[in-house]
Amino acid sequence: MMDFLEEPIPGVGTYDDFNTIDWVREKSRDRDRHREITNKSKESTWALIHSVSDAFSGWLLMLLIGLLSGSLAGLIDISAHWMTDLKEGICKGGFWFNHEHCCWNSDHVTFEDRDKCPEWNSWSQLIISTDEGAFAYIVNYFMYVLWALLFAFLAVSLVKVFAPYACGSGIPEIKTILSGFIIRGYLGKWTLIIKTITLVLAVSSGLSLGKEGPLVHVACCCGNILCHCFNKYRKNEAKRREVLSAAAAAGVSVAFGAPIGGVLFSLEEVSYYFPLKTLWRSFFAALVAAFTLRSINPFGNSRLVLFYVEFHTPWHLFELVPFILLGIFGGLWGALFIRTNIAWCRKRKTTQLGKYPVIEVLIVTAITAILAFPNEYTRMSTSELISELFNDCGLLDSSKLCDYENRFNTSKGSDLPDRPAGLGVYTAMWQLALTLILKIVITIFTFGMKIPSGLFIPSMAVGAIAGRLLGVGMEQLAYYHHDWAIFNSWCSQGADCITPGLYAMVGAAACLGGVTRMTVSLVVIMFELTGGLEYIVPLMAAAMTSKWVADALGREGIYDAHIRLNGYPFLEAKEEFAHKTLAMDVMKPRRNDPLLTVLTQDSMTVEDVETIINETTYSGFPVVVSRESQRLVGFVLRRDLIISIENARKKQDGIVSTSIIYFTEHSPPMPPYTPPTLKLRNILDLSPFTVTDLTPMEIVVDIFRKLGLRQCLVTHNGRLLGIITKKDVLKHIAQMANQDPDSILFN
């Protein structure tokens, strides 16, 4: 008898699409591989060099991921800035210049009118040679809407035709993939190319979405593609997920210019398995990515982001009250957004609406563009809007938000005292109020469409607007009523007491926290993003309050809600299982069900096994001594069985349907003229995880979470009774929470 499995067979040990990996098996295989390399390294110099290169390959991979992620992020930033300005006009000196760069090169620009220069032409100037009057306004309006529709149409068409996985944020799917799920093509080269192109188009169209979430997806695509250059990561799914955790950190690093925040985001929000080694490598990848982006300098201000703040005015203890109010607002907005957005996405999935993604995108884009153009705060890109809201008014600011009376009546350096609001500030306030309403409503319908769409920037914009409105209100209150008890101890007349830009920062953090339920990583991202190190306590207070309020109204963040909506098998590590059920209540088969499908170790033919494979859809089968004893021997995966039998038929002489399959160490002598036997012990898992039928489900759930199991066998006095899969556990959790157990679609 031949044991043809002494040589590894291509495909054995791999997984089908939409299946969960076996973490225990993958980690065991990696330990065996590492042990073999270490032992061989003592035998020769070449083996020692191979051992060193194997140890170094992880760091080299992180370097490449950081360089590629940083370069793509710089390209996306520069392209999106140029295409956003293209909706309003074009530079005669060179069409490749955006508005800001076009006027930098001009010799005819004054400081007061630094946004106006003869080199930059609006579309009305190009088409009808004038920028004045109602007709010019209509021409500019029409061109703005037309460009927005063109960009959105290109984005949704490219996604639909070339890479359907390039839509959305990508973070819910990345969380699921990092938990061990396989979605083939989700992190492939086509997804990377199309996501990069369509992300620029989607952001430039003026829709209420951001590029920050999709940049995490882009970075993970880079990580997955580069893994194929290294055997160590290409052949081991668990090792590849360590790389993807680091790539997610690099993605947030370039999205916000926050390397430390990126590492914490990966640890807190997306990673399922995060050993100490991955922490160091994530830190290195985030560092390289941030350095690469800084070298490209996409914003021309030597900063990694647009939102850097220059003010360092101290805040007072009393201001924690409005900061906490902003936290409450952020929590309420987060809970409202999640409920309404999930309801709309469910409607999209279950009705005819989901069959027409192009029409849906064009309708939402048209509504957004038509409502956005008349208001300068909705017309500008969301990143620029947040930058303006974070900004504190200085002597040289020409924004409407800085149109105060007695503007230059200051006695102490660049810190301007609180002043009465002028007409421009009041105009800006009602324009911002309208912007807030539009952003709150339109983001619900935008997030989840079939284009790349991040949620970080729209959420921050909602919070920043609310914060700025509250900040200006507090500033005016302090100016007109500085003798009130709440102000007189710390705010004298003519002092710079309230900083409205700080309120915008705190509001942005509160709303982002309410939607995503991030806490530690959120605060670190916010102070890296803005450089406002003095404002950690206000940011912490707002982030924590928003999380408490949002959790009181609904336990799930937006990403977990979308995971549940899509039916992915994600076992949330943060939630406790508190029900008193037992393993026998969850296992299959239940009472009155057909018996469990098993294979015997030495009495089944190839035909018997192929019949079982064809008649069932199970991912694997327990192997027992005999059907009578039901004593457990091991567990074999369906995919490995199929590949091994096919391979044996091709390569091993005499294997026919009547050949007996053996899962034992030694096979008994066979009578002459019988077909050769097939030995498949090498594909048998001899140490499957087992629990007894009386094990509490809270322990079983914990085992599935901690070890990342696919399935667990249930025994009674050593006899096999049934099996519990990850899907069974998730369905049971859903049932106990009064949710639909059939919403779990995959195993």
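Numbers given for residues are sequential positions, taken from 1 along each chain in its written order. Reporting in this predicted model follows two pLDDT cut-offs: at least 70 for local features of residues, and 80 or more for side-chain atom pairs to be given and counted; totals over whole chains, interfaces and linings ignore these cut-offs and use all residues. Excluding hydrogens and water, the side-chain figures rest on all heavy atoms present in the structure.

Undergrad: Describe the overall build of the chain, and please don't skip the residues or the numbers.
TA: Note on conventions: DSSP H or I runs of at least 4 residues are helices, E runs of at least 2 residues are strands, and numbering of each starts at the N terminus. A count of helices and strands for the chain gives 28 helices and 11 strands. Atoms counted for the radius of gyration: C-alpha only. Globule rule: 2.2 Å times the number of residues to the power 0.38. Over its C-alpha atoms the chain spans a radius of gyration of 30 Å, differing by no more than 12% from the 27 Å that the globule rule assigns to 747 residues. Considering only C-alpha atoms, the chain reaches an extent of 105 × 60 × 60 Å along its principal axes. Buried, partly exposed and exposed residues are distinguished by accessible area as a fraction of the type maximum, computed with a 1.4 Å probe on protein chains only: under 20%, between the cut-offs, and over 50%, respectively. A buried classification covers 55% of the 747 residues belonging to the chain. What makes two residues a contact is simply this: any of their non-hydrogen atoms within 4.5 Å. Pairs at least 24 apart in sequence give 72% of the contacts found in the chain among residues at least 6 apart. Surface exposure here means Shrake-Rupley accessible area, sampled with a 1.4 Å probe, where a residue is shielded only by the protein chains that are shown. Just so you have it, the chain exposes about 32,600 Å², and 61% of that area is on carbon and sulfur atoms.

Undergrad: Run through the state of the cysteines, naming residues and quoting values.
TA: Defined simply, a disulfide is a covalent bond joining two cysteines at their sulfur atoms. Sulfur atoms of two cysteines make up a disulfide when they are within 2.5 Å. One pass over the structure, following the stated rule, counts one disulfide. Distance from the sulfur of Cys-220, which forms no disulfide, to the nearest cysteine sulfur (Cys-221) is 7.4 Å. Judged by relative accessible area, Cys-220 falls into the buried class, the value being 1%. We note that Cys-221 lacks a disulfide partner, and the nearest cysteine sulfur, in Cys-222, lies 7.0 Å from it. Its relative accessible area of 1% is what places Cys-221 among the buried residues.

Undergrad: Explain the sheet that holds strand β3 (residues 599-600) to me, using residue names and the numbers behind them.
TA: By definition, the strands of a sheet pair up through backbone hydrogen bonds, in either a parallel or an antiparallel sense. Spatially, the three strands line up as an open sheet ordered β3-β5-β6, and their pairing is mixed. The sheet terminates laterally at β3 and β6 (632-637), the two strands that pair on one side only. Strands qualify as paired when DSSP identifies two bridges or more between them. With five bridges connecting them, strand β5 (residues 620-624) and β6 associate as antiparallel partners. Across the sheet, residue Gly-620 finds its bridge partner in β6, namely Leu-637. The strands touched by helix α26 (residues 638-651) within the sheet are β3, β5 and β6, with β6 carrying the most contacts at an inclination of about 75°. Axes, fitted as lines to C-alpha atoms, cover a helix only where it is in contact. Angles between the N-to-C directions of the axes lie from 0 to 180 degrees.

Undergrad: Tell me about helix α2 (residues 45-86), and name the residues and values.
TA: The span you would expect from a helix comes to 1.5 Å times its residue count less one. If you check α2, its first and last C-alpha atoms are 60 Å apart, about what 42 residues at 1.5 Å a residue would give, namely 62 Å. What qualifies as a polar contact is a pair of N or O atoms within 3.5 Å, subject to a donor-acceptor requirement within protein and to the restriction that residues adjacent in sequence count only when both atoms come from side chains. Its side-chain oxygen 3.2 Å from the backbone nitrogen of Ala-47, Ser-44 forms the N-cap of α2.

Undergrad: I'd like to hear about a nonpolar patch on the surface, residue by residue, with values.
TA: A cluster of nonpolar side chains, contributed by Phe-56, Trp-59, Leu-60, Leu-63, Leu-64, Leu-67, Leu-276 and Trp-280, occupies part of the molecular surface with about 720 Å² of accessible area. The set of elements that each furnish at least two residues to the nonpolar patch consists of α2 and α12 (276-296). At six residues, the largest contribution of residues to the nonpolar patch is made by α2. Of note, Trp-59 is situated in helix α2. Here the term patch refers to residues with relative accessible area over 30% and no salt bridge, with like charges joined within 9 Å and nonpolar side chains (Val, Leu, Ile, Met, Phe, Trp, Tyr) within 5 Å. By convention in these notes, a salt bridge is any Lys or Arg side-chain nitrogen within 4 Å of a carboxyl oxygen on Asp or Glu.

Undergrad: Any details on the pairing of strand β10 (residues 711-716)? Residues and values, ideally.
TA: Of all six residues in β10, five are buried; the element is thus mostly enclosed. Relative to β10, strand β9 (residues 690-692) runs parallel, the two being bridged by three bridges. Bridge pairing links Val-691 to Val-714 in β10. Note that β10 and strand β11 (residues 719-725) share six bridges and pair antiparallel. Among the inter-strand pairings, Gln-711 is bridged to a residue of β11, identified as Thr-725. Connecting the antiparallel pair β10 and β11 is a turn made up of two residues, with Asn-717 showing a positive phi of about 55°.

Undergrad: Residues and numbers for unusual backbone geometry, please.
TA: A cis amide bond links Lys-588 with the next residue in sequence, Pro-589, at an omega value of 0°. Following the sequence through the fold, Pro-589 ends up in the loop between α24 (583-586) and β3. For Asn-717, which is not glycine, the phi torsion reads 55° and is therefore positive. Within the secondary structure, Asn-717 sits in the loop between β10 and β11. For Asn-717, a relative accessible area of 65% corresponds to the exposed category.

Undergrad: Tell me about the side chain of Ser-69, and please be specific about residues and values.
TA: Mapped onto the fold, Ser-69 is located in helix α2. For Ser-69, a relative accessible area of 3% corresponds to the buried category.

Undergrad: Let's hear about the packing of aromatic side chains: which residues, and what values?
TA: Aromatic pairs are defined between Phe, Tyr and Trp rings, using the six-membered ring for Trp, whenever the two ring centres lie within 6.5 Å; interplanar angles under 30 degrees are classed as stacked, those over 60 as edge-to-face, and all others as tilted. Going through the model one piece at a time under the given rule, you end up with 25 aromatic pairs. On the basis of an interplanar angle of 85° and a centroid distance of 5.9 Å, the ring pair of Tyr-137 and Tyr-141 is categorised as edge-to-face. Of the two residues, Tyr-137 and Tyr-141 are both situated in helix α5 (residues 134-162); the distance of four residues between them amounts to about one turn of the helix. Geometrically, the ring pair formed by Phe-323 and Tyr-503 is tilted, given 5.1 Å between the ring centres and 55° between the ring planes. Residue Phe-323 is located in helix α13 (residues 320-350), and its partner Tyr-503 is located in helix α20 (residues 500-516); the two are separated by 180 residues in the primary sequence.

Undergrad: So what's going on with the sheet that holds β9? Residues and values would help.
TA: Pairing is mixed in the open sheet, where three strands are placed in the order β9-β10-β11. Two strands in the sheet have a free side with no partner beyond their single neighbour: β9 and β11. On average, each strand axis in the sheet is tilted by 35° relative to the strand beside it, whichever way the strands run. In this fold helix α27 (residues 697-707) packs onto β9, β10 and β11, with an angle of close to 65° to the strand it touches most, β11.

Undergrad: Requested: an account of the nonpolar core, with residues and values cited.
TA: To qualify as a nonpolar core, a set must consist of buried Ala, Val, Leu, Ile, Met, Phe, Trp, Tyr and Cys residues joined through side-chain atoms within 4.5 Å. The biggest cluster of nonpolar side chains holds 141 residues, and the ones touching the most others in it are Phe-256, Phe-265, Phe-390, Ile-451, Met-460 and Met-526. The leading source of residues in this core is α20, at 11 residues. Discounting chain neighbours no more than four positions away, the residues touching Met-460 are Phe-256, Phe-307, Ile-386, Phe-390, Ala-508, Leu-512, Met-526 and Leu-529. Core analysis: the next-biggest nonpolar cluster, separate from the first, contains 20 residues, Phe-621, Leu-641, Leu-678 and Leu-680 among them.

Undergrad: An account of the confidence of the model for the chain is requested, with residue identities and associated values reported.
TA: Values of pLDDT, ranging from 0 to 100, describe the predictor's confidence in every residue of the model. Averaged over all residues, the pLDDT of the chain is 87; the fraction at 70 or higher stands at 93%. Considering only residues more than four positions removed or in separate chains, one finds that residues 1-5, a stretch of pLDDT under 50, has 18 contacts. Confidence over residues 410-414 falls short of pLDDT 50; this stretch has six contacts with residues more than four positions distant or in other chains.

Undergrad: Pulling in residues and values, what's your account of the pattern of salt bridges?
TA: Summed over the entire model, instances satisfying the criterion amount to 24 salt bridges. Between Glu-242 and Lys-239 there is a salt bridge whose closest N-O contact spans 3.6 Å. Residue Glu-242 and its partner Lys-239 are located together in helix α10 (residues 237-256), separated by three residues, close to a single helical turn. For Lys-239, a relative accessible area of 2% puts it in the buried group. With a closest N to O distance of 2.9 Å, Asp-551 and Arg-517 form a salt bridge. Of the two residues, Asp-551 sits in helix α22 (residues 536-553) while Arg-517 sits in the loop between α20 and α21 (520-530), which places them 34 residues apart along the sequence.

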